[in-house]
Amino acid sequence: MASFFTMNFLTELLLSTVRMATPILLVALAETYSERAGMVNIGLDGIMAIGALVGFLVGYETGSPWAGVLAGALSGIATNMIYAFCTITLCAEQTVYGMAINIFAPALASFDLPWLSFFLIRLTLIQGVSMGIMPIPVLSKIPVIGSIFFQQSPLVYGAYLLVAVTAVFLNRTKAGLNFKAVGEFPKAAETLGINVVLQKYIACIICGALAGIGGAYLTICYTSTYSEGIVAGRGFIALSAVIFGRWMPTGVMFACLLFGFCDALQIRLQLLSPSTPYQILQMIPYLCTLFVLAFFGIKKSGPKANGQPYYREER
């Protein structure tokens, strides 16, 4: 256990924390936009699965990680539009269709992978493109902090920059305040001239794009390969991060860093204690999620119109 407290170990742990929290953060921000407009989307795991597969395949075929990221975003939007049409236009139950996306999308990815692998790639185990590290000049040379925060891939920088952009948008702009009004009092927002249905569709587009990018991150920046189950419940962890973060971008970021720390810690504990069954250590992030929801998610309801269908003609 002496190696557990070395500076090198702690630095590597924090470096991995930032990296492993990134896909959860992208998806948690996606859900933040969705819930701020009154849309509770629990289908994040499914959107991530589609984004991971499509991003991987497009990145492999084109040789460009950015093309893979873009394809992951577009596939996430396309998948989430099914949920959007059913819940916004048809006013169906949001939780039911979110779970339907969780069932449909991973199953579609599992069906497509063997077919596409046989006809397009013709390999069983393939290594796709990987987005490299982009150190920030000067800042990356700062001792300890530089290697943790400023020697990451561009998607990591983009995810944490998006936290600030989201905070400013939701709290300091008229468009953001209109956006939040739809999630709080949609009928009052409609009387002020805000197109509630359009705002909800925009929220679903943003949610699908960011969740798709979060999935593509796993296969382009994290592993550079695809396998079934690569999402591993990160969508549900992101959902709990939104609740723990009180639907605020900064709070969501710190919640994601906590879960990223637990994930990075369990991997390093496997190396330090090889005799311990790895399944027990892999439970750490999920136990942390249950603990957070049990003790910090009580009586926290979020936006008042969250999860409620909107009937424009209803009085």
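Residues numbered from 1 in each chain as written. Predicted model: local features only at pLDDT ≥ 70, side-chain atom pairs only at ≥ 80, totals over all residues. Heavy atoms only, no water.

Thoughts on the overall build of the protein chain
- Per the secondary structure count, the protein chain includes 13 helices and 0 strands.
- Written out in order from the N terminus, the α and β elements of the protein chain read α-α-α-α-α-α-α-α-α-α-α-α-α.
- The C-alpha atoms of the protein chain give a radius of gyration of 20 Å, which matches the 20 Å a tight globule of 315 residues would have.
- Each principal axis of the C-alpha distribution contributes one length, and for the protein chain these read about 65 × 45 × 40 Å.
- Put simply, the protein chain shows about 14,900 Å² of open surface, and 71% of that area lies on carbon and sulfur atoms.
- Taking the average place of the 17 positive charges on the side chains of the protein chain and the average place of its 13 negative ones, the gap between the two points comes to 11 Å. (Helix = DSSP H or I, 4+ residues; strand = E, 2+ residues; numbered from the N terminus. Rg over C-alpha atoms; globule rule 2.2 N^0.38 Å. Areas by Shrake-Rupley, 256 points an atom, 1.4 Å probe, with all protein chains shown as cover. Lys, Arg positive; Asp, Glu negative; His and termini not counted. Charge placed at Lys NZ, Arg CZ, Asp CG, Glu CD.)

Let's talk about the side chain of asparagine 102
- As for its position among the elements, asparagine 102 is in helix H4 (residues 94–121).
- A polar contact is formed between the side chain of asparagine 102 and the backbone oxygen of isoleucine 42, at a distance of 2.6 Å.
- Not counting residues up to four positions away in its chain, the partners in contact with asparagine 102 are Ile42, Gly43, Leu44, Asp45, Gly46 and Phe236. (Polar contact = N/O pair within 3.5 Å; in protein donor to acceptor, adjacent residues only side chain to side chain. Contact = heavy atoms within 4.5 Å.)

A short note on the nonpolar core
- By size, the foremost hydrophobic cluster in this structure holds 69 residues, and its most contacted members are Leu25, Ala28, Leu155, Tyr160, Tyr226, Cys256 and Phe259.
- Ignoring sequence-local partners within four residues, the contact set of cysteine 256 consists of Ala21, Ile24, Leu25, Ala28 and Ala241. (Core = buried A, V, L, I, M, F, W, Y, C linked by side-chain atoms within 4.5 Å. Buried < 20%, exposed > 50% of the residue type's maximum accessible area, 1.4 Å probe, protein only.)

Regarding helix H7 (residues 174–184)
- Residues of H7 that are buried: Gly176, Phe179, Lys180, Val182 and Gly183. The arc enclosing the buried residues of H7, seen along the axis, measures out at 150°, which places them on a common side.
- Residues of H7 that are buried sit in contact with helix H1 (7–36), helix H6 (154–172), helix H8 (186–191) and helix H9 (196–222). (Arc of directions from axis to C-beta.)

Some remarks on the state of the cysteines
- Throughout the structure, instances matching the rule amount to 0 disulfides.
- Cysteine cysteine 207 remains unbridged, with the sulfur of cysteine 204 as its closest cysteine sulfur at 6.7 Å.
- Exposure remark for cysteine 207: the relative accessible area of 0% places this residue in the buried category.
- Cysteine cysteine 221 remains unbridged, with the sulfur of cysteine 256 as its closest cysteine sulfur at 16 Å. (Disulfide = S-S within 2.5 Å.)

Examining the pattern of salt bridges
- Taken as a whole, this structure holds 2 salt bridges when the rule is applied.
- The residue glutamate 184 makes a salt bridge to lysine 304 at a minimum N-O spacing of 3.8 Å. Here glutamate 184 is found in helix H7, whereas its partner lysine 304 is found in the segment after helix H13 (284–296), with 120 residues between them in sequence. (Salt bridge = Lys/Arg side-chain N within 4 Å of Asp/Glu carboxyl O.)

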